[in-house]
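# Summary of the model geometry
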Amino acid sequence: MKLLKTLVVLLLLAGCTEGPGKAATAEDASLILTDARVYTLSWSEPGFDGTVMPDAPHDEHGWHPDAEAVVIKGGDILFVGGNDDAMAFKGDTSRIIDLKGATVLPGLVDSHTHLFGLGALLDQVNLVGVATEEEAVALIVEQAKSVPKGEWIVGRGWDEGAWANAYPDKALLSAAVPDHPVFMDSLHGFGGWANQAALDAAGITAETIVPVGGEMRLGDDGRPSGLFLNQGVELLRQAVPAPSRETLTKQILLGLNQMAADGYTAVHDAGLDSTAMSVLEELEAADKLPIRVYAMLSLRDEDLIRKWIEKGPDTDTDSMLTTGTVKAYYDAALGSRGARLLYDYSDQPGNRGISVDGYGFNEALAAKAMKAGFQIAIHAIGDAGNRDAIDILERVFKEAPSTAANRHRIEHAQVVSPEDISRFGKLGIIASMEPPHAMEDKTWAEQRLGPERILGAYAWRSLREAGAHLTFNSDNPGSDHSIFYGLHSAITRQDKNQQPEGGWYPEQRMTADEAVRGYTQWSAYASFREDKTGIIAAGRWADITVMDKDPFVLADESPGDILNGQIIMTIVNGKVVYER
Ligand SMILES: [Zn+2]
């Protein structure tokens, strides 16, 4: 049986392999992974309703791996199959790693990250998961001890959704930390919290003009309270001195290495400006990128976009840094009630989210980039935001039909009206979504949307059934990017405490096969790399993730245990970049 399976894998591979696989000889192997539970994902994709296809390694006992070993030569996979056959590729310099039954998956991709945000978070005050203002202030006081007086203390991560009924203000913070300007960005970047020293340093008073689409709260004394929402947060962001290039470089490497340690072989970065791009380009030129970066250029940086429109998207998709996408922002977040809705917020009559004007969406420039061959990725959360974003894409497709082939993406696609769900599939728009967001937002999302609209929210299954391509990601540092959390959210629709029982709107759950593909093969499609990666097969990039838990088996037997998984090894381009 095992031999037969190996033959099947080999036959399948023979069909799609050109080049390195066939001509290689035994001594060529640089790395051989043996004794593993390898899921190649080279079987047929499940049906839109999740049905397992007949060629999948699945039978009446459930899932089982479809290979035991992977042979790597340089940056490519040479062979996939059984242990004995793999050892035939052993040469004098081959490194053999006995994985002792660990699970091997195609290299994981987080297809919507913010590397600089993650790196900064690792370098700054981290308020992710902090429940109260008092706890947050205590952490800031701690940080202040090691920062010279007068220097800014920056942090982020307080949850503007969870804290919406009791927003923090400057009072406690100013009293506890009087000698440093303090700016704490929120989890999703739609709330900002500052002390008096920061307001003074930024020159913010009650007379300050707040950007369109933003809010500056005032205290009872008529002076700024220290709390800013949506575009208002820019007032604080712009006041913080820009980090030096050295700091940025340090922070991005912190972010990249953290992602490598967490099993990711590639990330798609959702919104890079000129400075960020130049740091990444410098790291690539010095061969210092530990994992692959698929860069999305921020539409807000017009100079950068115009420069790239001139030269066109990267064609060297093999390089560690690839640039062919423009990231645009259409609305804000649901938690802070800034997402654009077709009708009023259920918990705030009269409010339909931020207005489009002034939100930094330059439609003409976006269209120009699309016509120059760029993929566009539009941040859209609310049902009006999603409809408008699809309308914009459709308008450009009509003007320039060739642009329709560029696999445009809507980032988040969080609340979609039933009438718009099928448009994703019809127009070939990728829904780029975060399984953890559903779990984090479930406590308040229904209050914002009411019982009807919630059915089109975080609607992975509905979108798939309507023929949409999906790709899964974390949108870190706003959400925990742990793959185990991501898979568990996608498979169970339960949070880390395995609540609610049976899952939140469980009809939207993904199967294990779909969830894993959301972070591998489907991400490869979203970045035009489905011929290079996304499955484990000869001739593909040697991008591989090794973990101690088998999500396929656990999804059926005890899905909660997926949360306890750990990454054992991350291999990028044939190099072991992380080893536990
Ligand atoms: Zn994002």
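Owing to the predicted nature of the structure, the values given are computational and were not obtained by experimental measurement. (Residues numbered from 1 in each chain as written. Predicted model: local features only at pLDDT ≥ 70, side-chain atom pairs only at ≥ 80, totals over all residues. Heavy atoms only, no water.)

### Here's the deal with the overall build of the protein
Heads up, the condition is: Only runs of H or I of at least four residues qualify as helices and only runs of E of at least two qualify as strands under DSSP, and these elements are numbered from the N terminus. Only the C-alpha atoms count toward the radius of gyration. The rule for a globule is 2.2 Å times the residue count to the power 0.38. Burial classes: relative accessible area under 20% of the type maximum marks a residue as buried, over 50% as exposed, and values in between as partly exposed (1.4 Å probe, protein chains only). Any pair of residues with heavy atoms lying within 4.5 Å of one another is described as a contacting pair. Each accessible area is a Shrake-Rupley estimate made with a 1.4 Å probe; only the visible protein chains count as cover when residues are assessed. When charges are counted, neither His nor the chain ends are considered; positive counts come from Lys and Arg and negative counts from Asp and Glu. In plain terms, the charge of a residue is placed at NZ if it is Lys, CZ if Arg, CG if Asp and CD if Glu.
Helix and strand content of the protein: 21 helices and 25 strands. Taken over the C-alpha trace, the protein has a radius of gyration of 24 Å; the compact-globule value for 580 residues is 25 Å, and the two agree within 12%. Expressed as lengths along the three principal axes of its C-alpha atoms, the size of the protein is roughly 80 × 55 × 50 Å. For the protein, the residues scored as buried account for 58% of the 580 residues in total. In the protein, the share of contacts with a sequence separation of at least 24, taken over all contacts with a separation of at least 6, comes to 76%. Carbon and sulfur atoms provide 51% of the accessible area of the protein, an area that totals close to 22,100 Å². Distance from the positive charge centre (51 side chains) to the negative charge centre (84 side chains) of the protein: 2 Å.

### A closer look at the pattern of salt bridges
This is how it is decided: Criterion for a salt bridge: a side-chain nitrogen of Lys or Arg within 4 Å of a carboxyl oxygen of Asp or Glu.
Enumeration according to the criterion identifies 31 salt bridges in this entry. Here Lys250 makes a salt bridge to Asp123, at a shortest N to O gap of 3.3 Å. With Lys250 in helix α9 (residues 245-261) and Asp123 in helix α4 (residues 115-123), this pair connects stretches of sequence that are 127 residues apart. With a relative accessible area of 27%, Asp123 lands in the partly exposed category. Across the salt bridge formed by Arg395 and Glu363, the nearest N and O atoms sit 3.0 Å from each other. Residue Arg395 is located in helix α13 (residues 383-399), and its partner Glu363 is located in helix α12 (residues 363-371); the two are separated by 32 residues in the primary sequence. Classification of Glu363 by relative accessible area gives partly exposed; the value is 31%. Residues joined in a network through salt bridges with shared partners are Arg387, Asp391, Glu394, Glu419, Asp420 and Arg423.

### Description of the pairing of strand β24 (residues 567-572)
The side chains of a regular strand alternate between both faces of the sheet. Convention followed: Think of it this way: DSSP has to see at least two bridges between two strands before they count as a pair.
Here β24 lies mainly inside the structure; six of its six residues are buried. Where strand β23 (residues 544-547) and β24 come together, four bridges link them in antiparallel fashion. The residue of β24 that forms the bridge with Ile544 is Ile571.

### Considerations on the environment of His58
On the secondary structure map, His58 appears in strand β3 (residues 58-59). Classification of His58 as partly exposed rests on a relative accessible area of 32%. Along the sequence, His58 and Leu236 sit 178 residues apart, while their C-alpha atoms lie 54 Å from each other. Contact partners of His58, with chain neighbours within four places excluded, come to Val52, Trp63 and His64.

### Here we look at the side chain of Arg448
As a reminder of what qualifies: N or O atoms within 3.5 Å of each other form a polar contact, as long as, within protein, one can give a hydrogen and the other can take it, and as long as residues adjacent in sequence are counted only when both atoms are side-chain atoms.
The topology assignment puts Arg448 in helix α16 (residues 445-453). Here the side chain of Arg448 touches Asp347 through a polar contact of 2.8 Å, side chain to side chain. In this structure Arg448 touches Gly161, Ala164, Leu334, Gly335, Arg337, Leu341, Tyr345, Ser346, Asp347 and Arg453, once residues within four positions along its chain are discounted.

### Details of the confidence of the model for the protein
What counts here: Per-residue confidence from the predictor is given as pLDDT, running between 0 and 100.
Averaged over every residue, the pLDDT of the protein is 93; residues scoring 70 or more account for 94%. Low pLDDT (under 50) marks residues 1-24, which in the prediction has 23 contacts with non-local residues, meaning those over four places away or in another chain.

### Examining the coordination of the zinc ion
Heads up, the condition is: Coordination shells were defined by N, O and S atoms within 2.8 Å of each metal, extended to 3.2 Å for Na, K and Ca; water is absent from the atom set, which can make sites look incomplete.
Ligation of the zinc ion by protein atoms is provided by His112 (NE2), His114 (NE2) and Asp475 (OD), these donors lying 2.0 to 2.2 Å from the ion. Counting residues between consecutive donors of the zinc ion along the chain gives the motif H-x1-H-x360-D. Of this pair, His114 sits in the loop between β9 (108-113) and α4 while Asp475 sits in the loop between β22 (469-472) and α18 (483-492), and the two are 361 residues apart along the sequence.

### A short note on the sheet that holds strand β1 (residues 31-34)
Defined as follows: Axis definition: a line fit to C-alpha positions, over the contact stretch in the case of helices; interaxial angles, taken between N-to-C directions, run 0 to 180 degrees.
Strand order in this open sheet of four strands is β6-β5-β1-β7, and the pairing throughout is mixed. Each edge of the sheet is formed by a strand with only one pairing partner; in this case those strands are β6 (76-81) and β7 (95-98). Between one strand and the next, the sheet's axes are offset by a mean angle of 15 degrees, whatever the strand orientation. Here β1 pairs with strand β5 (residues 69-73) via three bridges, running antiparallel. In the sheet register, Leu31 faces β5, and the bridge partner there is Ile72.

### Topic: helix α11 (residues 302-311)
Applicable threshold: Note that the arc is computed from the directions linking the helix axis to the C-beta atoms.
Looking at α11, one finds that the buried residues are Leu304, Ile305, Trp308 and Ile309. The arc enclosing the buried residues of α11, seen along the axis, measures out at 135 degrees, which places them on a common side. Among the exposed residues of α11, those pointing more than 90 degrees away from its buried face are Asp303, Glu310 and Lys311. Of the surrounding secondary structure, the elements contacted by the buried residues of α11 are β16 (264-272), α10 (274-285), β17 (292-298), β18 (321-329) and α12. Within two residues after α11, Gly312 carries a phi angle of roughly 85 degrees, on the positive side.

### A look at the nonpolar core
The line we're drawing: To form a nonpolar core, buried Ala, Val, Leu, Ile, Met, Phe, Trp, Tyr and Cys residues must be joined to one another through side-chain atoms within 4.5 Å.
Counting 105 residues, the largest nonpolar core has Leu334, Phe424, Trp460, Leu470, Ile483 and Phe552 as its most contacted members. Apart from residues no more than four positions distant in its own chain, Leu334 is found in contact with Ala339, Tyr345, Ile381, Gln414, Val415, Trp444, Ala445, Arg448, Leu449 and Tyr458.

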